[in-house]
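So the chains spell out like this:
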Amino acid sequence: MRHALALADKAEALGEIPVGAVLVDDEGNILGEGWNLSITHSDPTAHAEIVALRNGAQHIQNYRLLNTTLYVTLEPCTMCAGAILHSRIQRLVFGASDYKTGAVGSRFHFFDDYKMNHTLEITSGVLAEECSRKLSAFFQKRREQKKIEKVQKQAQSEA
């Protein structure tokens, strides 16, 4: 999870929401990593989880990511949960809960449907406070920046 947090910093440096994800095999070797790139790539699917899964699949040359664990700093959304399901990872570990769009128990319960053709182990709350602080600080800075821009715009229109 610490590595995923470092990847979240890469997203933030690009002006992206700071979410990072790392895919490891059952021996702990990194197979793929990702951070949010939706804005950078003008791609609504470029969430950290999707990027890490794509990277891992290319690394092992297989779309089935059996016997792997995905660590992600924020609870996956429904899109990412679907990709996680189809990739057949063995375990999902996430940090902060996402009460607005989280699909692993906070808002939706994607993996609780007994009709799913794949089950996985889920661990939540790993370094949750640190993951949550990183996101909160990012959005606080963003709100402050928007206030500054609004004041500047207002000053220009009055000039």
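This text follows the structure it describes.
Described below are features of the structure shown in this document. (Residues numbered from 1 in each chain as written. Predicted model: local features only at pLDDT ≥ 70, side-chain atom pairs only at ≥ 80, totals over all residues. Heavy atoms only, no water.)

A short note on the packing of helix H3 (residues 48-60) against helix H4 (residues 78-87)
- Remark: H3 packs on H4, axes separated minimally by 9 Å, with the N-to-C direction vectors making an angle of 25°. One element, H3, and the other, H4, form an angle in the roughly parallel class. Two packed elements cross with a definite hand, and for H3 against H4 that hand is left-handed. From H3, Glu 49, Ile 50 and Leu 53 reach across to H4, where they touch Met 79, Cys 80, Ala 83, Ile 84 and Ser 87. (Axes fitted to C-alpha atoms, helices over the stretch in contact; angles between N-to-C directions. Helix = DSSP H or I, 4+ residues; strand = E, 2+ residues; numbered from the N terminus. Parallel < 35°, antiparallel > 145°, perpendicular 65-115°, else oblique. Left-handed = near helix turned anticlockwise from the far one by under 90°. Contact = heavy atoms within 4.5 Å.)

Points about unusual backbone geometry
- The phi angle at Ser 42 is positive, at roughly 50°, despite the residue not being glycine.
- Topologically, Ser 42 is positioned in the loop between helix H2 (38-41) and H3.
- Of note, the phi angle at Leu 127 is positive, near 55°, even though the residue is not glycine.

Considering H4
- Buried residues of H4: Cys 80, Ala 81, Gly 82, Ile 84, Leu 85 and Ser 87, and no others.
- For H4, the secondary structure elements touched by its buried residues are H3, strand E3 (68-74) and strand E4 (91-96).
- Arg 88 lies just past H4 and shows a positive phi near 65°. (Buried < 20%, exposed > 50% of the residue type's maximum accessible area, 1.4 Å probe, protein only.)

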